[in-house]
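# Architecture at a glance
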Number of protein chains: 2
Amino acid sequence: MCRPRMSRCVLAAVVCAAWCAVAGVQAQPDPLPSWNDGPAKAAIVKFVRTTTDTSSPQFVSSEKRIATFDQDGTLWVEKPAVPQLTYCFGRVSAVAEKKPELKNVEPFKTVLSGERAAIARLTLPDLEKIVVATLTGITTDQYQAEVEQWLATARDPRWKKPYTELTYQPMQEVLRYLRANGYKTYIVSGGGQDFIRVYAEQTYGIPPEQVVGSMGGTRYGYDKDGKPILTRVPKLLLNDVDAGKPEGIQLMIGRRPYAAFGNSTGDRQMLEYTKAGAGLRLAVLVLHDDARREYAYGPAQGLPDTKQGTFTQALYDQAQKSGWIVISMKNDWKRIFAFQQ
Amino acid sequence: MCRPRMSRCVLAAVVCAAWCAVAGVQAQPDPLPSWNDGPAKAAIVKFVRTTTDTSSPQFVSSEKRIATFDQDGTLWVEKPAVPQLTYCFGRVSAVAEKKPELKNVEPFKTVLSGERAAIARLTLPDLEKIVVATLTGITTDQYQAEVEQWLATARDPRWKKPYTELTYQPMQEVLRYLRANGYKTYIVSGGGQDFIRVYAEQTYGIPPEQVVGSMGGTRYGYDKDGKPILTRVPKLLLNDVDAGKPEGIQLMIGRRPYAAFGNSTGDRQMLEYTKAGAGLRLAVLVLHDDARREYAYGPAQGLPDTKQGTFTQALYDQAQKSGWIVISMKNDWKRIFAFQQ
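The structure contained in this document is the topic of the report that follows. (Residues numbered from 1 in each chain as written. Chains lettered and ligands numbered in written order. Predicted model: local features only at pLDDT ≥ 70, side-chain atom pairs only at ≥ 80, totals over all residues. Heavy atoms only, no water.)

Turning our attention to the sheet that holds strand β2 (residues 184-192) of chain B. All names here are of chain B. Judged by pairing direction, the sheet is mixed, and its 7 strands sit side by side in the order β4-β3-β2-β1-β5-β6-β7 without closing on themselves. Of all strands in the sheet, those with a lone pairing partner are β4 (228-238) and β7 (325-328), marking the two edges. For this sheet the average axis-to-axis angle between neighbouring strands, irrespective of direction, equals 30 degrees. Pairing of strand β1 (residues 66-69) with β2 involves 4 bridges; the strand directions are parallel. (Pairing = 2+ DSSP bridges. Helix = DSSP H or I, 4+ residues; strand = E, 2+ residues; numbered from the N terminus. Axes fitted to C-alpha atoms, helices over the stretch in contact; angles between N-to-C directions.)

Next up, the structure:
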């Protein structure tokens, strides 16, 4: 029998384990290293700790841990234009090559002219025509391949980098921190659902089934060899912006989020809906106030109060009144992008 | 130093571990104990083993492991009527109490008469009117509460049991077996998405976000206290049957399944779409051929070939030609329900 010696071994093992546990606690890395200490970081950490602490009255069981994130301006850069719009405009010339008659028809003529001022004046019905012409009438596989190809070569005009490198490092840390604590992270964007799905898994660690966006219809059919295909059709099932965000969440998730992140009036209803749930809920807005490192727009810049789709003064006031957290990119974030060390 | 004794201890540990491993393999429980050995069980087991074996050329990485299941007639009993239709008919009298003018208007008059033959003759537009009257105009929370209440008291006419106890035990085992092997299991049903979500988690272990069904619209708004609410509106976003199934899968999941299970022509396109993907795919149909233990309907019973929404002879022929697996409830299943020991 080796009992005495084993006891010593066991004792050593216990001491070692205890030491490791203490060291582990001491050395526990900061889950949000790109964040400065401040009310925004503190609120996020408090939310995660409280809702995952089984002894807390505000504990949330793991299957209910849902967190939703707007994309453009919340997870990545949306200036000077949201990347998907740049993609659509770029596709116009490819479409016009196949259908030359479009070259002399508005709004395609304006887009092909490349005149920025004229393009900026395009109306919503104009943009809809462009979306229909560039994003439909092809199979889902063709569309995915085209978006992949575009992403591989397109570059942001300011940083000259692929758009997928222009995600906000502090938000990437929040995504990972939430997932490490059992939260399912979703994108809930006004952008096209299938566009975002092409890169969301690689870029954010968010799988296609957790991307909620503006939803176009598809039509099931067969190709010339009798193989099943899905063709994109010009039918908008859900416009995932404003009231469409909680409606899209109900459709795609069927549960109310516990945390929601946005940056504009388009996210207002999602944040209201999230915050109105029982228990501890987190509603967060990203304020773009860092002209040097990224862009500054919104209330600090005195934008007209009524401009939709951006961070208006009215939204800022609602955030203050409703206990929503406002992230100052300038003050709360140590760095903006991963490539900035 | 305790080297010699430690060596003996280590040797003993190694022997023990090896023995445990062998014993573990030998004692590994059958993942499908309610199934008889046969081609259906063998095909399911082969599919799971092959697609999760990293040394197989047909290995599927975990994030792509998607399996979809029709519900009515595939996971639970659909005779004499699918439970949701029974729910809708039951709701008619509650609605008529609030709106007495409906009592003399068709199709409500017929439903309230309780005359089975007349009810069976109701047309699709009639059923749509009933669905609109009974399932919309209330908040998503109210609807959920009403379905919960109904499920708690409603009983199947033959077994006198709650509908949620009339799920097929062999299919419950397939769901668990797939999940234990990293598959995400989805319901893809022609039934109402929000109806199924009420009980899917408790009944099948399938969370709301993995329920794809026929999708009605909601409208975001505020109640009299200013609290955000979602109201169900009479707008069909997607009819999740026939071609609607692959379209619904694209909308809600965004990936092609590797395995799909159904039992009628309404599942044909889902199975075609699944099977058309690269690599090893599994397409399965449940054949109801057990009049004694459940029901018998479909090709064995000489149903007219063209009857949609059931298991036609044409579907049976397509299954044979396409390498789809057909489960004979009579021959492949040891027992049908969990309550039958």
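On to the pattern of salt bridges, then. Once the charged atoms of two side chains with opposite charge are near each other, the side chains can pair. One pass over the structure, following the stated rule, counts 30 salt bridges over all chains. The shortest N-O distance in the salt bridge between D30 of chain A and K41 of chain A comes to 2.7 Å. Taken together, the residues span a long stretch of sequence, with D30 of chain A in the loop between α1 (3-27) and α2 (39-51) and K41 of chain A in helix α2 at a distance of 11 residues. The exposure class of D30 of chain A is partly exposed, given its relative accessible area of 37%. Look at K41 of chain A and you get buried, because its relative accessible area is 8%. E201 of chain B is the partner of R255 of chain A in a salt bridge, and the nearest nitrogen-oxygen pair spans 3.1 Å. On the criterion of chain membership, the pair formed by R255 of chain A in the loop between α10 (244-252) and β5 (259-262) and E201 of chain B in helix α9 (residues 193-204) is interchain, its members lying in two chains. Judged by relative accessible area, which is 30%, E201 of chain B ranks as partly exposed. Shared partners join several salt bridges into a network, and the residues in it are K184 and R255 of chain A together with E201 and E209 of chain B. (Salt bridge = Lys/Arg side-chain N within 4 Å of Asp/Glu carboxyl O. Buried < 20%, exposed > 50% of the residue type's maximum accessible area, 1.4 Å probe, protein only.)

The two copies are related by a screw motion: chain A maps onto chain B through a turn of 180 degrees and a shift of 0.0 Å along the axis, at an RMSD of 0.0 Å. Viewed as a symmetry operation, the transformation between the two copies matches a two-fold axis. Comparing interface residues between copies, 100% of those in chain A also sit at the interface in chain B, which points to an isologous, same-surface contact. (Least-squares fit on C-alpha atoms with pLDDT ≥ 70 in both. Contact = heavy atoms within 4.5 Å.)

Attention now moves to the pairing of β7 of chain B. All names here are of chain B. Going residue by residue along β7, you find I325 and I327 tucked away on one face and V326 and S328 tucked away on the opposite face as well. Inspection of the sheet shows strand β6 (residues 282-287) paired to β7 by 4 bridges, in the parallel sense. For L285, the partnering residue across the bridge sits in β7 and is V326.

Residue and element names in this part refer to chain B. As a packed pair, helix α10 (residues 244-252) and helix α11 (residues 268-275) sit with axes 7 Å apart at the nearest point and diverge in direction by 55 degrees. If you check the angle between α10 and α11, you find them oblique. Where α10 approaches α11, its residues K245, P246, I249 and Q250 are matched on the opposing element by Q269, M270 and Y273. Across the contact of α10 with α11, the residue classes break down as 4 nonpolar, 2 polar and 1 charged. (Parallel < 35°, antiparallel > 145°, perpendicular 65-115°, else oblique. Nonpolar A, V, L, I, M, F, W, Y, C, P; charged D, E, K, R; others polar.)

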